[in-house]
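Structural overview
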Amino acid sequence: MPKPATQNIITCLAQFSIGTPDSINLSGFCGDLHNDSRAIVEGDIFCAIIGHDQDGRQYIEQAIKQGAKLVLVECENKTEHGDLSFASSDSKVAIVKFYQLNQCLFSLTKSYYHAPQDNMTLVGITGTNGKTTTSQLLAQMLSADDKPCAVIGTNGAGPLDDLQPLENTTPGACELHQLFNRFNDEHSHYGKFSYVAMEVSSHALSQRRVQADLFDIAVFTNLSRDHLDYHGSMVSYGEAKKQIFSTDSKQIAVVNFDDEQAQKWLKNWPEQQTLWLYSREKVITNHKTFVLAKGIKHHVHGVSFTLVSHLGNIDINSPLLGDFNIDNLLAAICVLLIQGIPLSELPNLVTQVNAIAGRMEATSAKNLATAVVDYAHTPDALEKALKACRQHCSGELYVVFGCGGDRDKGKRALMAQAAEQYADYLVVTNDNPRSEDAQLIANDIVAGFTDPDAEQITIILEREQAVLNTLNKAKRGDIVLLAGKGHEDYVIVAKHDEQGVVIGTQKLAYNERLVVKGFYQKYANLATLSNEATL
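This one's a predicted model, so the numbers in the text were calculated from it and none came from an experiment.

Below, the discussion takes up the pattern of salt bridges. The final tally for this structure, using the stated rule, is 18 salt bridges. The closest approach of N and O atoms between Lys3 and Asp32, which form a salt bridge, is 3.9 Å. In this pair, Lys3 sits in the segment before α1 (8–14) while Asp32 sits in the loop between α1 and β1 (33–34), placing the two residues 29 residues apart along the sequence. Classification of Lys3 by relative accessible area gives partly exposed; the value is 32%. On the basis of relative accessible area, Asp32 is assigned to the buried category, the value being 11%. One salt bridge connects Asp44 with Lys3, and the closest N-O pair in it is separated by 3.5 Å. Of this pair, Asp44 sits in the loop between β1 and β2 (45–48) while Lys3 sits in the segment before α1, and the two are 41 residues apart along the sequence. Three or more residues joined by partner-sharing salt bridges are found here, namely Lys3, Asp32 and Asp44.

Next up, the structure:
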């Protein structure tokens, strides 16, 4: 869809009590709103916000040099709101002061792009684990039912077969509305989307990059330890997640009844907000609207269960591994039922789903062990991934894992404990060490083991070597869980100056899925990929 006329900003600013003189002439230009100066091109508008990590006011001249025709700059004094000056480097470019611009940016961009999201059904999905899988399962099934669905999240934005990379799981207001604008364009290469399944991070909610009223349906998957380096406590982390719910009748909530945090919320759930619950526990049948997985059976090609709901019962066969993928599937099924898809259509839609890239993605070949690549990088996710692998494992269970640098150090020992409890053989390696020393991170992990000197524990810091050594060691019937990298095609390491001093971080190419694929292609004529693997 073409960019909006830059002149539109005049009307939008008036909604925030900012008047602009006739001398500001933006006619003839078309442009986007950006709060990242690097993205500015001719005709755009630069929003210089005071961010969490960066102060956009430092990049005003750079934005003007790149073609910005107007600059909105956040001010900290309310009395300066609406003050206007002109850039010293280009007297035609006005600089308008905007009080609390960061807080108002979502509303401003929504107005500038004429609220494209109002023409689509938006499903917001939050939780420590399961966001990516749930969003992509939902998109697969909606699209299979002739309801085109785009996704926004960890793996990128757009249709599932052509995701474009994103810097953040949940984009900021400017980038987000550009995506909505694109998704709403019936003349685009992909056509118009009627649904968007969007991952919503706790950071985005706490920073008010998105707000509850954006979502027609809000899904909560679970809460476990993560991001405490940012939120400080589990209470604060939980409160951030809870902000996805509008607490009114305009939004439908879908909640995992089996989650401990959800149980606390349900004690005081607002009566005016419609609530759907999903579970693997029988007590859920007392609720008005629910879906339940009953009689779960694990087998070599996935799981089967009876879907019990307030609308009736039906048998489901899923190609996905593990109980937590049943939870993800149930969350997606709730949304399908809310949207009026008949219960009778669900079995066919579920059988068509594929494993998500880097999410319990299994690869195997005759007479070799099975490798499972998964993004698990929290204690809870690692425990669940190992339990899922164990359900399908006839031999020994290996795990290769590490912990990210410059992040919550408290979870390192917890990751070690989960690995030690649920795996037979443990290989500690790196996982985005960033500016930290990879050996010191490994030491923190090893300190969490009950018996650090056990012969079942190995430390191989070079990740590719750790993966290949473990796959070579494992035998037919064994499973090797490669945890932490998932879909990522890079590793983040320290960047040093000439004196060896750390001056930042850098991304180096590393794709674990390709490493695995290469291993099986070397040792077998044909590697069986994803949910086709025989476990």
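This part takes up the nonpolar core. Core analysis: the biggest nonpolar cluster contains 62 residues, and Ile9, Leu72, Leu108, Ile152, Met198 and Val210 have the highest contact counts within it. Those residues in contact with Val210 that sit more than four places away from it in its chain are Phe106, Thr170, Leu176, Met198, Val200, Ala204, Leu205 and Phe215. Counting residues in hydrophobic clusters, the runner-up holds 41 residues, among them Val303, Leu329, Leu337 and Leu349.

Reading across the sheet, the 10 strands line up as β8-β7-β9-β6-β10-β11-β12-β13-β14-β15 and stay open at both edges, with mixed pairing between neighbours. The open sheet has two edge strands, β8 (156–158) and β15 (312–318), and neither has a second partner. The average undirected angle you get between the axes of adjacent strands in this sheet is 20 degrees. As paired strands, strand β7 (residues 149–153) and strand β9 (residues 195–199) are joined by 4 bridges and run parallel to one another. Each bridged residue has a counterpart across the sheet, and for Val151 the counterpart in β9 is Ala197.

Here is what the cut-offs are and how they apply
Sequence positions are assigned chain by chain, starting from 1 and proceeding in written order. In keeping with the predicted nature of the model, local features appear solely for residues at pLDDT of at least 70, side-chain atom pairs appear and are counted solely at 80 or more, and the whole-chain, interface and lining totals rest on all residues. Each side-chain value is derived from all of the structure's non-hydrogen atoms; neither hydrogens nor water enter the calculation. Within this document, salt bridges are pairs made up of a side-chain nitrogen of Lys or Arg and a carboxyl oxygen of Asp or Glu, the two lying within 4 Å of each other. Numbering of helices and strands runs from the N terminus, with a helix taken as a DSSP run of H or I at least four residues long and a strand as a DSSP run of E at least two residues long. A 1.4 Å probe rolled over the protein chains alone gives each residue an accessible area, and that area as a share of the maximum for its type sets the label: buried under 20%, exposed over 50%, partly exposed in between. In plain words, nonpolar cores are sets of buried Ala, Val, Leu, Ile, Met, Phe, Trp, Tyr and Cys residues tied together by side-chain atoms within 4.5 Å. Any pair of residues with heavy atoms lying within 4.5 Å of one another is described as a contacting pair. By definition, two strands form a pair when at least two bridges between them are found by DSSP. Every angle, taken between N-to-C directions, lies between 0 and 180 degrees, and every axis is a line fitted to C-alpha atoms, over only the stretch in contact when it is a helix.

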